[in-house]
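Geometric and topological summary
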Amino acid sequence: MTSAHANPVRVGVFGLLGSGNLGNDGSLEAVLGYLRAEHPEAVVDALCGGPEAVTARFGIPATRLHWNRAEYRTASRGGAIAAKGVGKLVDAVRTAAWVRRHDVVIVPGMGVLEATLPLRPWGFPYALFLLCASGRLLGTRVALVSVGAAEIRNRPTRALVRWSARLAAYRSYRDAPSRDAMRAMGVDTARDEVYPDLAFSLPTPSAGTRPAGPPSSPPGRVCLGVMDFHGGNDDRARAEEIHRRYLDGTIHFVRALVAEGRPVRLLTGDDCDASVVTAVLDAVDSPLVTAAEPASLADLMAEMAAADTVVAVRYHNLICALKTGTPVLALCYATKSEALMADMGLGAYCHPAREVDADRLLEQFRELEKRSAELRRTLTERNLAAARRLEHQFTALTAALFPADHAHAHAQTHALREAP
């Protein structure tokens, strides 16, 4: 698209990006793809958790989100607590100064309006509030694009998230329960749209990556996406019990697959998941069980495209399986996973991550495999629909954030229609 701006538009991207979470970085990759295709003149930089990683991978300048490098470690000593307090004040000034330099700031996807995993109010929720408040005060349009949300019980976190959403210039959600949650928390969502997760706009590995064995060959590889799962914000009192049950159920499930001669490929979605991979490999000593080291959602999709079936916990692991058209069984810890599976036609294949029952999991897994061919056809249709919906998302984003470009494109289209 040709720009109608005399000066290049300055776009910031914001979030826990470059911090080891593949889903977050995949959401950034999707937005950068949109900007490069539709607004190639835009000058883009990031305020994020891992600036070095973001610059190295995506080639954009990046600034550290928090002045205090120990922001996400629990402070116990007096000096550490004081540093956190000072950091909050410094971050307010740093965030406002960064926002002031931009015409538009995009928060690309991610579950930024939820606390389905352990979260302290004065960590990321405070950072997001500073961003949205600075945008409103300084006249910079802040867009929360295809984000996840959930009702939050913790009062400070709830208040920060509610005000962040209210102060944003544009909001869209990755599923209907997210929009419902923000409405329940007092945000006017009448003009807010629901679109698929941004990762559905990423390129998919070609179907040719899936090896076709002879008709008599044994069932193929199972990809198992693991997670360092301890429950959510409201489960802190029984976090270890939840983790132990999840890990025991996972190990039992892997042993059952190995007993049937199935190769199992362990996959992660965040750096912190490596401990679970190690625990499974230690418990199941078999050459059939191997571990991948994915560095991106593209790596995950390549692994899953080569599998017969996927079982996964993390939201973006599920998306990667669905996007490659591979039947997947979801271990669900939040409404977002159930909503995603229902939208893609696999609502019957959900299992509670907090209460893993290995026997029931195996039963569901076998039911899923029996319907594999039918479900692959369903996923092909649903993926086409998701891609079309995301085209609408990006068109709406251009209209909301780049009105001059949108008007210019509209005028060109009108002129073409009127031409003899």
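Rules and cut-offs
Residues numbered from 1 in each chain as written. Predicted model: local features only at pLDDT ≥ 70, side-chain atom pairs only at ≥ 80, totals over all residues. Heavy atoms only, no water. Phe/Tyr/Trp six-rings, centres within 6.5 Å; stacked < 30°, edge-to-face > 60°. Helix = DSSP H or I, 4+ residues; strand = E, 2+ residues; numbered from the N terminus. Buried < 20%, exposed > 50% of the residue type's maximum accessible area, 1.4 Å probe, protein only. Pairing = 2+ DSSP bridges. Axes fitted to C-alpha atoms, helices over the stretch in contact; angles between N-to-C directions. Parallel < 35°, antiparallel > 145°, perpendicular 65-115°, else oblique. Left-handed = near helix turned anticlockwise from the far one by under 90°. Contact = heavy atoms within 4.5 Å. Nonpolar A, V, L, I, M, F, W, Y, C, P; charged D, E, K, R; others polar.

1. A closer look at the packing of aromatic side chains
Here the distance between the centres and the angle between the planes together describe a pair of aromatic rings. In this structure the tally under the stated criterion is six aromatic pairs. With a centroid separation of 6.1 Å and 85° between ring planes, the pair formed by F229 and Y246 is classed as edge-to-face. Placement of the pair is F229 in the loop between β8 (222-225) and α7 (239-259) and Y246 in helix α7, with a sequence separation of 17 residues. What makes F229 buried here is its relative accessible area of 1%. Residue Y246 is classed as buried on the basis of its relative accessible area, which comes to 1%. Through successive ring pairs, a cluster of aromatic residues spans F229, Y246 and Y333.

2. Quick look at the pairing of strand β11 (residues 309-312)
Side chains T309 and V311 of β11 all project onto a buried face; the interleaved residues V310 and A312 project onto the opposite face, where all are buried too. In terms of strand pairing, β8 meets β11 through four bridges, oriented parallel. Opposite V222, over in β11, you have T309 as the bridge partner. Where β11 lies against strand β12 (residues 328-332), three bridges are found, and the strand directions are parallel.

3. What about the packing of α7 against helix α12 (residues 358-370)?
For the pair α7 and α12, the least separation of the axes is 9 Å and the interaxial angle reads 50°. As far as their axial angle goes, α12 and α7 are oblique. Crossing hand, α7 versus α12: right-handed. Of the residues in α12, those in contact with G249, H252, F253, A256 and L257 of α7 are A358, D359, L361, L362 and F365. Its residues assigned to classes, the contact of α7 with α12 shows seven nonpolar, two polar and one charged.

From the geometry alone we can't say anything about function, so treat these as descriptive.
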